[in-house]
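Below, each chain spelled out in residue letters.
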Amino acid sequence: MPLPAWVPIREDLRGFEPYGAPQIPDVINLNVNENPYGPSAEAAADIAEAVRAVATTLNRYPDREALDLRAGLADYLGHGLTMDRVWAANGSNEVMLQILQAFGGPGRTALSFAPTYSMYPEYARDTHTRWVTGQREEDFSVDVDRALALIETEQPDVVLLTSPNNPTGTALPLDTVRALVEAAPGVVVVDEAYAEFRRHGTPSALDVLEEFPRLLVTRTMSKAFALAGGRLGYVAADAAIIDALRIVRLPYHLSAVTQAAASAALRHRDELLARVDELRTTRDDLAAWLTTHGFEVADSDANFVLFGRFDDRHAIWQGLVDRGVLIRETGPDGWLRVSVGTPDEMQAFYTSLLEVTR
Ligand code: PMP
């Protein structure tokens, strides 16, 4: 619904709809790349206990710097990282907005490579940052020479690389990251929301973080950690970059409840991450099944698979919804994205897809 004309919203925001995938009750949700397995009763009890413990102090503001949580995240990431090189916010969505607030803005440019995560242009819009996109190749990789040429002409203040990329699942080789950071005049962000799902041998940009002070690597607890509802995203970078983000953050942006829940979840990380291997295997099975059944499939290092191609992808999407399976109509024309679910959920997807496409 468009806003009524009397609402004095910024002119450049007029006509926009709030972002969001459809939320439909009573369907199998394979549309927002969640982890299909929730925390165990034991982990849930610990999270609840941690929240109970802070409940008696909710008259006080939370730790503004989230020191315990950041220390826990640094410990999880390894690579010799310390708390002063890690920053956390309400989902990596908020981290990314803070990055654009600090390093983008009026007169500045952010560059990414499409197809990619559809929220980025919104962060750019909201922070008055000029938004420029290069195109990924047919196989959804980023061609280094073309990317370098674009960096040369656009001189972006922020380059957003997504690895593994959403919605294609494509991971970037470290040589690509290196070449682009060396050439970029501003910061380069590698969004690794799906990093834990990458195939063995696929590197993380954390491996080269030491080499480049202007490199930022963002992660989230929403996917592999099965904590999408907890809203916790984070970034690793040089301590001076973290200090820049601290300038734009709202005071007390991370509630005491969020910090307690996320820290408790981190203490259970072995259990929460235990299903990642299984989800990887299911992802590979899903890709193989789709290929065997004649669909085109993009190689995926994430917990979803982009597949196609369809003359009328909306009809396929709708046919699946009608059968109680919700996937995502996103990515280049003709393609659809399905998240990795439980074996039963995958079976329901297979059965429905065959019915709809036959
Ligand atoms: N980056 C990418 C590439 C994503 O796909 C998502 C979520 N779909 C996010 C960031 C944001 O995740 P969150 O805010 O839940 O951490």
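Criteria and cut-off values
Residues numbered from 1 in each chain as written. Predicted model: local features only at pLDDT ≥ 70, side-chain atom pairs only at ≥ 80, totals over all residues. Heavy atoms only, no water. Near = heavy atom within 4 Å. Polar contact = N/O pair within 3.5 Å; in protein donor to acceptor, adjacent residues only side chain to side chain. Areas by Shrake-Rupley, 256 points an atom, 1.4 Å probe, with all protein chains shown as cover. Nonpolar A, V, L, I, M, F, W, Y, C, P; charged D, E, K, R; others polar. Phe/Tyr/Trp six-rings, centres within 6.5 Å; stacked < 30°, edge-to-face > 60°. Helix = DSSP H or I, 4+ residues; strand = E, 2+ residues; numbered from the N terminus. Buried < 20%, exposed > 50% of the residue type's maximum accessible area, 1.4 Å probe, protein only. Lys NZ or Arg CZ within 6 Å of the ring centre and 35° of its normal. Pairing = 2+ DSSP bridges. Contact = heavy atoms within 4.5 Å. Domains from an automatic or database assignment. Buried area = accessible area lost by both parts, 1.4 Å probe. Salt bridge = Lys/Arg side-chain N within 4 Å of Asp/Glu carboxyl O. Expected span 1.5 Å × (residues − 1). Arc of directions from axis to C-beta.

A.B. asks: A description of the site of the ligand should follow, citing residues and the corresponding values.
C.D. replies: Ser92, Asp191, Tyr194, Thr220 and Ser222 are the nearest of the 13 residues found near the ligand. Taking Asn93, its main chain carries an N or O atom lying 3.0 Å from an oxygen atom of the ligand. In this structure, a nitrogen atom belonging to the ligand sits 2.6 Å away from a side-chain N or O atom of Asp191. Coverage of the ligand by the protein amounts to 92% of the 400 Å² it exposes when considered alone. Within the shell around the ligand, the residues separate by chemical class into three nonpolar, seven polar and three charged.

A.B. asks: Lay out the packing of aromatic side chains in plain terms, naming residues and giving numbers.
C.D. replies: The tally for this structure, following the rule as stated, stands at twelve aromatic pairs. On the basis of an interplanar angle of 75° and a centroid distance of 5.5 Å, the ring pair of Phe140 and Trp335 is categorised as edge-to-face. Here Trp335 lies in the loop between strand E11 (325-326) and strand E12 (336-339) and Phe140 lies in the loop between strand E4 (130-135) and helix H5 (144-154), a separation of 195 residues in the sequence. For the residue pair Phe140 and Trp335, the accessibility class agrees, reading buried in each case. An angle of 55° between the planes, with centres 5.8 Å apart, marks the rings of Phe295 and Phe310 as tilted. Separated by 15 residues along the polypeptide, Phe295 in the loop between helix H10 (275-292) and strand E9 (296-297) and Phe310 in the loop between strand E10 (304-308) and helix H11 (313-322) bring together distant segments of the chain. Like Phe310, Phe295 is buried. Taken together through their ring pairs, the aromatic side chains of Trp289, Phe295, Phe307, Phe310, Phe349 and Tyr350 make up a single cluster. Sitting over the ring of Tyr37, Arg275 keeps its end group 3.8 Å from the ring centre. The residue whose ring lies beneath Arg337 is Phe304, and the NZ or CZ to ring-centre distance is 5.5 Å.

A.B. asks: Provide a residue-level description of the sheet that holds E12, including the pertinent values.
C.D. replies: Within the open sheet, the three strands sit side by side as E9-E10-E12. Their pairing is antiparallel. Since the sheet does not close on itself, it has two edges, and those belong to E9 and E12, each with one partner. Two strands pair when backbone bridges link them, and E10 and E12 are joined in this way by four bridges, in the antiparallel orientation. Its bridge partner being in E12, Phe304 is matched across the sheet by Ser339.

A.B. asks: Lay out the side chain of Thr220 in plain terms, naming residues and giving numbers.
C.D. replies: Tracing the backbone through its elements, the reader meets Thr220 in strand E7 (residues 215-220). The class for Thr220 is buried, based on a relative accessible area of 3%. Polar contacts involving the side chain of Thr220 include one to the main-chain amide nitrogen of Ser222, which spans 3.0 Å. Engagement of the side chain of Thr220 in a polar contact is seen with the backbone oxygen of Leu232, the distance being 3.4 Å. Leave out the neighbours within four places in its chain, and Thr220 touches Ser92, Ala193, Phe225, Leu232, Gly233 and Tyr234.

A.B. asks: An account of the domain arrangement of the chain is requested, with residue identities and associated values reported.
C.D. replies: Domain annotation for the chain reports domain 1 (28-39 + 270-357) and domain 2 (41-269). A C-alpha centroid distance of 25 Å is found between domain 1 and domain 2. Between domain 1 and domain 2, the residue contacts involve 27 residues of the former and 29 residues of the latter. Buried surface at the junction of domain 1 and domain 2, summed over both partners, amounts to about 2,500 Å²; 55% is from carbon and sulfur atoms. Linking domain 1 with domain 2 are two salt bridges, by the criterion used here. Between Glu138 and Arg309 there is a salt bridge, with the nearest N and O atoms lying 3.7 Å from each other.

A.B. asks: So what about the pattern of salt bridges? Which residues, and what values?
C.D. replies: Overall, the coordinates contain 25 salt bridges when judged by the stated rule. Of the charged contacts, one joins Glu211 and Arg178 as a salt bridge, the two residues approaching to 3.1 Å between their closest N and O atoms. Here Arg178 lies in helix H6 (residues 174-183) and Glu211 lies in the loop between strand E6 (187-191) and E7, a separation of 33 residues in the sequence. The class of Arg178 is partly exposed, set by a relative accessible area of 26%. The network of salt bridges with shared partners includes Glu65, Arg70, Asp243, Arg246 and Arg249.

A.B. asks: Let's hear about H11: which residues, and what values?
C.D. replies: If you check which residues of H11 are buried, you get Arg313, Ile316, Trp317, Gly319, Leu320 and Val321. Looking at the buried side of H11, the elements it contacts are E11, E12 and helix H12 (343-357). Downstream of H11 by a residue or two, Gly324 has a phi angle that is positive, lying close to 85°.

A.B. asks: Provide a residue-level description of helix H1 (residues 41-55), including the pertinent values.
C.D. replies: The terminal C-alpha atoms of H1 lie 20 Å apart, and with 15 residues this matches the ideal 21 Å at 1.5 Å per residue to within 8%. Buried within H1 are the following residues: Ala43, Ile47, Ala50 and Val54. Taken down its axis, H1 places every buried residue within 60° of arc, on the same side. For H1, exposure combined with an orientation more than 90 degrees from the buried face picks out Ala41 and Glu42. Check the buried side of H1 and you find it contacts helix H8 (256-267) and helix H9 (269-272).

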